[in-house]
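A structural walkthrough
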Amino acid sequence: MLSLVSEEIELYAEHHTRPEPEPLQNLMALTYENMECPQMLTGRLEGRMLKLLVQLVQPKLVVEVGTFTGYSALSMAEGLPEDGKLITCDNDPKAQAAAQSAFDASPYGHKIALRRGNAIDTIRNIEDPIDFSFIDADKVMYLEYYETLLAKTRPGGVILLDNMFQSGRVLHPEDQNAKAIHQLNEVICKDDRVENVLLTVRDGVQFVRKRG
Ligand SMILES: C[S@@+](CC[C@H](N)C(=O)[O-])C[C@H]1O[C@@H](n2cnc3c(N)ncnc32)[C@H](O)[C@@H]1O
């Protein structure tokens, strides 16, 4: 992923963000050792932001689209109240296995349910009202994930969407992913059902709140 802020400032921000707990640092190291595309993992800045936002919202149900090795799921689970639950989904067996063993080893793992298979099937099957979602999977499906999750989100609930800059390609979208994400940024900022801010955190994070 191309860094849109200077490497120096990115490092400064990381060094002035409280470190994640040691098990998450180890999970990141394991992911870099064992997985292709380890840079897909959200990392300290975004992970700590997810944890803080979950702490602020105090959700009963969090939904994550795109588990990978479980770093962002565990970050959010750390901020969840004791009776909170997180459903996360992934269709890659290698990522599922890595994530499940990280969840099993974590004091927060009991709050997480990993659903294996296509994300859209998982989220269509969720019946309880959703308080907080994090979308971080296949970009061409983001609009459908957004619409499906928004319909199930309680008024006042939050949806975060990652990689909304596509490494800057949204400025002149040519490939399928950049076109899909640019179109969704346009949809979200005109959507009367929500309020939003497109945060310049890492590769762009849409921060959306469903109007109450
Ligand atoms: C960017 S990674 C997620 C990173 C993770 N949130 C983290 O911070 O560690 C995207 C993940 O989405 C999964 N994925 C992609 N398309 C999917 C789909 N249609 N259904 C379920 N999972 C999918 C991939 O297997 C990959 O593990």
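The text that follows walks through the structure, step by step, so that each part is easy to find. Values in this document were obtained by computation on a predicted structure and should not be read as measured data.

**Quick look at the overall build of the protein**
Looking only at helices and strands, one finds eight helices and seven strands in the protein. In summary, the protein has a C-alpha radius of gyration of 16 Å against a globular reference of 17 Å for 212 residues, a match within 12%. With the C-alpha coordinates aligned to their principal axes, the bounding extent of the protein is approximately 40 × 40 × 30 Å. Within the protein, residue pairs in contact and separated by at least 24 positions form 70% of the contacts whose partners lie at least 6 positions apart.

**Looking at the sheet that holds strand S1 (residues 61-65)**
If you walk across this open sheet you meet the seven strands as S3-S2-S1-S4-S5-S7-S6, and the pairing is mixed. Two strands lie at the open edges of the sheet, namely strand S3 (112-116) and strand S6 (194-199), each paired on one side alone. Neighbouring strand axes in the sheet, compared pairwise and without regard to direction, differ in orientation by 15° on average. Summarising the sheet, strand S2 (residues 85-90) and S3 pair through five bridges and their orientation is parallel.

**Points about helix H4 (residues 71-79)**
Every α-helix winds through 3.6 residues per turn, so residues three or four apart in the chain are directed the same way. In terms of residue burial, H4 counts as a mostly covered element, since nine of its nine residues are buried. Those residues of H4 lying buried are Tyr71, Ser72, Ala73, Leu74, Ser75, Met76, Ala77, Glu78 and Gly79.

**What to know about empty space enclosed by the protein**
Under the definition given, this model contains one cavity of 30 Å³ or more. Within this model, the largest cavity holds a volume of roughly 50 Å³. In terms of lining residues, the largest cavity is bounded by Met40, Leu41, Thr42, Gly66, Thr67, Phe68, Thr69, Gly70, Tyr71, Ser72 and Asp136. The class makeup of the residues in the lining of the largest cavity is four nonpolar, six polar and one charged.

**Section: the site of the ligand**
In the region of the ligand, 20 residues are neighbours, and Gly66, Ser72, Asp90, Asn118 and Asp136 sit closest. A distance of 2.6 Å separates an oxygen atom of the ligand from a polar atom in the side chain of Asp90. Measuring from a nitrogen atom of the ligand, one finds a side-chain N or O atom of Asp136 at 2.8 Å. When isolated, the ligand has an accessible area of 610 Å², and the protein chains bury 90% of it. Split into classes, the residues belonging to the shell around the ligand amount to eight nonpolar, seven polar and five charged.

**Topic: the side chain of Glu20**
Structurally, Glu20 can be placed in the loop between helix H1 (7-15) and helix H2 (22-34). Classification of Glu20 as buried rests on a relative accessible area of 4%. Here the side chain of Glu20 touches Tyr71 through a polar contact of 2.8 Å, side chain to side chain. In this structure, Glu20 is in contact with Gln25, Met28, Arg44, Arg48 and Tyr71, ignoring residues within four places of it in sequence.

About the cut-offs
- Residue positions are counted from 1 within each chain, in the order its sequence is given.
- It should be noted that, the model being predicted, local features are given only for residues of pLDDT at least 70 and side-chain atom pairs only at 80 or more, the latter also being counted only at that level, while totals for whole chains, interfaces and linings use all residues.
- Think of the side-chain values as coming from all heavy atoms in the structure, minus any hydrogens and water.
- A run of DSSP states H or I qualifies as a helix once it reaches four residues; a run of E qualifies as a strand once it reaches two. Both are numbered from the N-terminal end.
- This radius of gyration counts C-alpha atoms alone. The globule rule is 2.2 Å times how many residues there are, raised to the power 0.38.
- We call two residues in contact whenever any of their non-hydrogen atoms come within 4.5 Å of each other.
- Two strands make a pair as long as DSSP finds a minimum of two bridges between them.
- To define axes, lines are fitted to C-alpha atoms, for helices over the stretch in contact only, and angles between the resulting N-to-C directions are given on a 0 to 180 degree scale.
- Type-normalised accessible area, obtained with a 1.4 Å probe on protein chains alone, sets the label of each residue: buried when under 20%, exposed when over 50%, and partly exposed for intermediate values.
- Every definition here rests on a 1 Å grid over the protein atoms only: cavities are sets of points where a 1.4 Å probe fits but cannot get out, pockets are open sets enclosed by protein on both sides within 12 Å along at least five of seven lines, and lining residues have some atom within 4 Å of a point.
- Grid points are joined across faces, edges and corners, and a volume is the space filled by probe spheres set on the points.
- Basically, the charged four are Asp, Glu, Lys and Arg, the nonpolar ten are Ala, Val, Leu, Ile, Met, Phe, Trp, Tyr, Cys and Pro, and anything else, Gly included, counts as polar.
- Any residue with a heavy atom lying within 4 Å of a molecule or strand is counted as near it.
- Nitrogen and oxygen atoms within 3.5 Å of one another constitute a polar contact, given that in protein one can donate a hydrogen and the other can accept it, and given that sequence-neighbouring residues count only through two side-chain atoms.
- All accessible areas in this document rest on Shrake-Rupley with a 1.4 Å probe, and a residue is counted as covered only by the protein chains that are shown.

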